[in-house]
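Listed below, chain by chain, are the residues.
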Amino acid sequence: MKKHNFSAGPCILPESVLKKASEAVINFNNDDLSLIEISHRSQPFVDVIEKARALALEHLNLQDKGYTALFLQGGASSQFLMTAYNFLDKKAAYLNTGTWSSKAIEEAKLFGDLVEVASSKDKNFNYIPKEFTIPTDVDYFHCTSNNTIYGTQMKSFPESEVPMICDMSSDIFSRQLDFSKFDLIYAGAQKNMGPAGATLVVIKNDFLDKICRVVPSMLNYKMHADKDSMYNTPPVFSVYVSMLTLEWLKELGGINFIEELNQKKADLLYTEIDRNPLFRGLVNKEDRSNMNATFVLENEQLQERFNTMWLDARINGLEGHRSVGGYRASMYNALPLYSVQALVDVMKELERKA
Ligand SMILES: *Cc1c(COP(=O)(O)O)cnc(C)c1O
């Protein structure tokens, strides 16, 4: 039986998706060829990427609303510089909620002036700043919807006239939002969608007209959009598996269904973290992420025992990020409720034995 996989990324994918993906590597569409050895311009693959792009927009309720979905390479990290390269003419506003936001800020500084509207660095990023003003004279506002490392999540987004760009790498397709508030959304595939290698970019078509300088082709959103995400060879395997995951999500009932399940999983774990005297959550309760729960043991001396216990329970990937320590349970879309129950059972057992 498969282990309970709480890995933060790359991370768990649905078993049915992994099975179909492995079959396609050997024999895709019963055509006696592998998915990864056919031309990316052949009709079978064009159908795959078109379906993946359409499903992404459909899940976000952005189909027929003037948006384009692209599957690019270079990870979410390349989006830190690509967003600024294309859209930072003079000045941009950033909300700093953790490591990923900080990296986005550093990259953007290469292209123009930055206004950090607020930062939670003063408390090791354990909360989401709420009181801040976005200047009206900036080219865009950039934020990170879910802070994978610290375990905080933005529950609401500011109202502003300036275009909004959001790094949704670790919570895309996990909850319902008004996605039409965003001009550009990006997300690395390896947190909630597929294998590393592809990055989903969803961009408002009007926003493409605001590209502010000459940008080399590979980093130019308009070039990729004009070429239907096929300017060069796309990461075919990652795109295919992403398509399978988006189909899986649609069959389940889409974001509405998965959001409810994700809420149940998060409630189950946070309730135990709060109840069990041996554990303590690391972030502000109202800002807790439903995707990545961070917590520590009150008594560090129990660490070895707890580690042995969860490993024996066939739990994987519970170590906290090196910059935070403690534990982090990542509960992405494909993680079943029974895996969270398995972790909670271990926490209760530790309490009995301690
Ligand atoms: C993982 C992650 C990234 C970095 O993604 P790469 O694909 O490794 O570049 C950026 N932002 C967030 C929110 C992430 O979780």
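Residues numbered from 1 in each chain as written. Predicted model: local features only at pLDDT ≥ 70, side-chain atom pairs only at ≥ 80, totals over all residues. Heavy atoms only, no water.

## Digging into helix 1 (residues 15–26)
Quick reminder: α-helices carry 3.6 residues per turn. Residues three or four places apart thus point the same way.
Then, number 1: Between the first and last C-alpha of helix 1 there are 17 Å, a value that for twelve residues agrees with the 16 Å anticipated at 1.5 Å per step.
Then, number 2: Every buried residue belonging to helix 1 is among Val17, Ala21 and Ala24, and all of these are buried. Buried residues of helix 1 fall within an arc of 60° about the axis and therefore sit on the same side. In this structure, helix 1 carries Glu15, Lys19 and Ile26 as exposed residues pointing more than 90 degrees from its buried face. (Helix = DSSP H or I, 4+ residues; strand = E, 2+ residues; numbered from the N terminus. Expected span 1.5 Å × (residues − 1). Buried < 20%, exposed > 50% of the residue type's maximum accessible area, 1.4 Å probe, protein only. Arc of directions from axis to C-beta.)

## Considering the site of the ligand
Then, number 1: With respect to spatial proximity, 13 residues lie near the ligand, and among them Ser77, Thr148, Asp167, Gln190 and Lys191 are the closest.
Then, number 2: Within the contact set of the ligand, an oxygen atom lies 3.1 Å away from a backbone nitrogen or oxygen of Ala76.
Then, number 3: Note that a nitrogen atom of the ligand is positioned 2.6 Å from one of the side-chain N or O atoms of Asp167.
Then, number 4: Here the shell around the ligand takes four residues from helix 3 (residues 75–87), the largest share from any one element. (Near = heavy atom within 4 Å. Polar contact = N/O pair within 3.5 Å; in protein donor to acceptor, adjacent residues only side chain to side chain.)

## Thoughts on the domain arrangement of the protein chain
Then, number 1: For the protein chain, the assigned domains are domain 1 (15–252) and domain 2 (254–353).
Then, number 2: Using only C-alpha atoms to locate each centre, domain 1 and domain 2 end up separated by 27 Å.
Then, number 3: Facing 29 residues of domain 1, the contacting portion of domain 2 comprises 26 residues.
Then, number 4: Buried surface at the junction of domain 1 and domain 2, both sides included, amounts to about 2,200 Å², of which 51% is carbon and sulfur.
Then, number 5: The interface formed by domain 1 and domain 2 contains two salt bridges.
Then, number 6: The partner of Asp287 in a salt bridge is Lys130, and the shortest N-O contact between them spans 2.9 Å.
Then, number 7: Between domain 1 and domain 2 we count 18 residue pairs in polar contact (both at pLDDT 80 or more) in total. (Domains from an automatic or database assignment. Contact = heavy atoms within 4.5 Å. Buried area = accessible area lost by both parts, 1.4 Å probe. Salt bridge = Lys/Arg side-chain N within 4 Å of Asp/Glu carboxyl O.)

## Focus on the environment of Ile49
Then, number 1: Within the fold, Ile49 resides in helix 2 (residues 43–59).
Then, number 2: For the pair Ile49 and Phe157, spaced 108 residues apart in the sequence, the C-alpha separation amounts to 30 Å.
Then, number 3: Ile49 has contacts with Phe71, Ser229, Met230, Pro234 and Val239, leaving out every residue within four places of it along the chain.

## Comments concerning the packing of helix 2 against helix 7 (residues 236–252)
Then, number 1: Closest axis-to-axis distance for the helix 2/helix 7 pair is 9 Å, and the angle between their directions is 45°. Accordingly, the angle class assigned to the pair helix 2 and helix 7 is oblique. Relative to helix 7, the crossing made by helix 2 is left-handed. Residue-level inspection shows Phe45, Val48, Ile49, Lys51, Ala52, Leu55, Ala56, Glu58 and His59 of helix 2 in contact with helix 7, the latter providing Val236, Val239, Tyr240, Met243, Leu246, Glu247, Leu249 and Lys250. (Axes fitted to C-alpha atoms, helices over the stretch in contact; angles between N-to-C directions. Parallel < 35°, antiparallel > 145°, perpendicular 65-115°, else oblique. Left-handed = near helix turned anticlockwise from the far one by under 90°.)

## Re the sheet that holds strand 8 (residues 164–167)
Then, number 1: Within the open sheet, the seven strands sit side by side as 2-10-9-8-5-3-4. Their pairing is mixed. Strands at the two margins of the open sheet, each flanked by one partner only, are strand 2 (67–72) and strand 4 (113–119). Across this sheet, the average inter-strand angle for adjacent strands is 20°, counted without regard to direction.
Then, number 2: Here strand 5 (residues 141–144) runs beside strand 8; their pairing, made up of four bridges, is parallel. Of the residues in strand 8, the one forming a bridge with Phe141 is Met164.
Then, number 3: Set on the sheet, helix 2 makes contact with strand 2 and strand 10 (199–204); between it and strand 2 the angle comes to about 130°.
Then, number 4: Its contacts with the sheet put helix 4 (residues 99–108) on strand 3 (91–96), strand 4, strand 5 and strand 8, and the angle it makes with strand 3 is roughly 160°. (Pairing = 2+ DSSP bridges.)

## Regarding the sheet that holds strand 11 (residues 279–281)
Then, number 1: Strand order in the open sheet formed by three strands is 11-12-14, and the pairing between neighbours is antiparallel. Two strands lie at the open edges of the sheet, namely strand 11 and strand 14 (327–330), each paired on one side alone. Pairs of neighbouring strands in the sheet enclose a mean axial angle of 35°, with direction left out of account.
Then, number 2: As defined by bridge partners, strand 12 (residues 292–297) adjoins strand 14 across four bridges and the pair is classed as antiparallel. Within strand 14, the residue paired with Ala293 across the bridge is Ala329.
Then, number 3: Helix 9 (residues 303–312) rests against strand 11, strand 12 and strand 14 of the sheet, and its axis sits at about 25° to strand 14.

## What to know about the nonpolar core
Then, number 1: By size, the foremost hydrophobic cluster in this structure holds 86 residues, and its most contacted members are Phe141, Phe173, Leu269 and Phe306.
Then, number 2: The element contributing the most residues to this core is helix 7, with nine residues.
Then, number 3: Residues lining this core come from more than one domain, with at least three contributed by each of domain 1 (15–252) and domain 2 (254–353).
Then, number 4: Once residues lying within four places of it in the same chain are set aside, the contact partners of Leu269 are Ala293, Ala329, Met331, Val340, Leu343, Val344 and Met347.
Then, number 5: Within the second largest apolar cluster, 26 residues are counted, among which are Ala84, Ile105, Val201 and Leu208. (Core = buried A, V, L, I, M, F, W, Y, C linked by side-chain atoms within 4.5 Å.)

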